[in-house]
Amino acid sequence: MQPTSSSRQAYLDWLRIIAIIGVLFFHSAMPYIPEWEWHIKNKETSNALLEMNDFLHRFRMPLLFFISGTVSYFMLQRNTGGGFIGLRFRRLFVPLLVGILIIVPPQVYMERLTQGFKGNYADFYTHMFTTGVYPHGNMSWHHLWFIAYLLVYDILFAPFFVWLISGNGKKLLQKLSWIGNKQYIYLLIIPGTLVHTFMLVWFRQTGDLVHDYGYFFYWLFYVLAGFICIANPLFMDSLERNRRLSLTIAFTGLLIINYLRWNKLEPWIFNDNFRYMPSTYLYMALGGITAWMWVLAIVGYAKKYLNKPRPILAYANQAVYPFYILHQTVIVILTYYLVNVPDDVGLKYAFTVIVTFLISIFIFHLFIKPFAMMRFLFGMKPAAKKGKSRGIKEEELIPAA
């Protein structure tokens, strides 16, 4: 029997967990790759890790935003519009505030130490609030920018989401069911691809929400696509049915992009006026299409092969959000010390991944999961009462990145 759009679908949980594991591998590599700036950098770098990160970077955040769109849909199955916004404040704003005040400051402190700061952490934290916003100041949300963006998206689009799953919105989705036929599902990528093609050339990613004129809209269309696809089961069925075609286009696009990268044929390398060259927009369109196809392929394959609940899923589903909040701080603290030892880059990277995973999981298991206040501060649901069966519910799909 085909699951309805309002029933729990395990493949989305697995996707979310896999995506956060991908984020762990990505952020753990950042200290050890050339060209890209980061908070702590190792003297020796690895081009192989750079290629891995370049690949992951093309779809890791789009995939997380797509999954977050499905999260919003499931939450609205059990909440009114106002209740949905209230829940998002509790699950997103509270952890974001905790992150800004407690989790992220050690990252900034470690970076400032590498830049010559001589005081202890108390000295740093005491003056943190008077220095302004990072990078010039010390106040930042760093990797938690995703939570801030998602909170804004859900508040702004809550009325649209509510409308879409009720009354005339449902009728519209039914009328649009033809999009689930053949390859019409790819029409959903047009708005986001247009933003990627024509806006990202002019506006660099800032992660500050206020001045992120291009990426703010780029990420938004993945959220909307995730919500729309899960709201009509025929759309998700289409992603599953077209998964091979999506993967073929994604892989082909990646080959072309890397051929151009490796041969230094990207438009901005050989022409300072690249923003006025047609080839630039063709290249950006290729990048946008490739990113979308990786997301659609991954979702399609997950729906086909990962729609199976397992006992570990309930625990991992609780852990993944606090894990995301914690992991980058652990990475920065570890690598602050690792960059000063003479070991091989590959060994340092493996150590960073494994130890970050273990420390983050231990912190979750020992200091967050058992305590009601800590669960609240890290955006988790209250623990089930002893003796009461606790199934996995739709609203436990908490967003993470």
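Residue positions are counted from 1 within each chain, in the order its sequence is given. Local features in a predicted model are, by the rule used here, given only for residues with pLDDT of at least 70; side-chain atom pairs are given and counted only at 80 or more, and totals for whole chains, interfaces and linings are based on all residues. The side-chain quantities take in all heavy atoms of the structure and omit both hydrogens and water.

### What to know about a nonpolar patch on the surface
Excluding any residue in a salt bridge, patches collect residues exceeding 30% relative accessible area, merging like charges within 9 Å and nonpolar Val, Leu, Ile, Met, Phe, Trp and Tyr side chains within 5 Å. Accessibility throughout is a Shrake-Rupley quantity obtained with a 1.4 Å probe, and a residue counts as covered only by protein chains that appear here. Any carboxyl oxygen of Asp or Glu within 4 Å of a side-chain nitrogen of Lys or Arg constitutes a salt bridge here. Taken together, the side chains of Phe89, Phe93, Leu97, Leu101, Ile102, Phe129 and Ile155 make up a nonpolar region of the molecular surface, amounting to roughly 590 Å² of accessible area. The secondary structure listing takes helices from DSSP runs of H or I that are at least 4 residues long and strands from runs of E that are at least 2 residues long, numbered from the N terminus. Residue contributions to the nonpolar patch peak at 5 residues, all from helix α4 (residues 81–103). With respect to the helices, strands and loops of the structure, Phe129 is situated in the loop between α6 (121–128) and α7 (145–164).

### Quick look at the pattern of salt bridges
The tally for this structure, following the rule as stated, stands at 6 salt bridges. A salt bridge links Arg261 to Glu51, with the shortest nitrogen-to-oxygen separation between them at 2.9 Å. You can see Arg261 sitting in helix α12 (residues 243–262) and its partner Glu51 sitting in helix α2 (residues 47–57), a full 210 residues away along the chain. The closest approach of N and O atoms between Asp237 and Lys303, which form a salt bridge, is 3.1 Å. Taken together, the residues span a long stretch of sequence, with Asp237 in helix α11 (residues 233–241) and Lys303 in helix α14 (residues 278–305) at a distance of 66 residues.

### Looking at the confidence of the model for the protein
Residues with a pLDDT of 70 or more make up 94% of the protein, whose mean pLDDT is 92. One confidence number per residue, pLDDT, is output by the predictor and ranges from 0 to 100. Per-element confidence in the protein ranges from a low mean pLDDT of 86 for helix α13 (residues 267–270) to a high of 98 for helix α16 (residues 345–368). Two residues form a contact once any of their heavy atoms are found within 4.5 Å. Note that pLDDT drops below 50 for residues 388–401; the model gives that stretch 61 contacts with residues more than four away or on any other chain.

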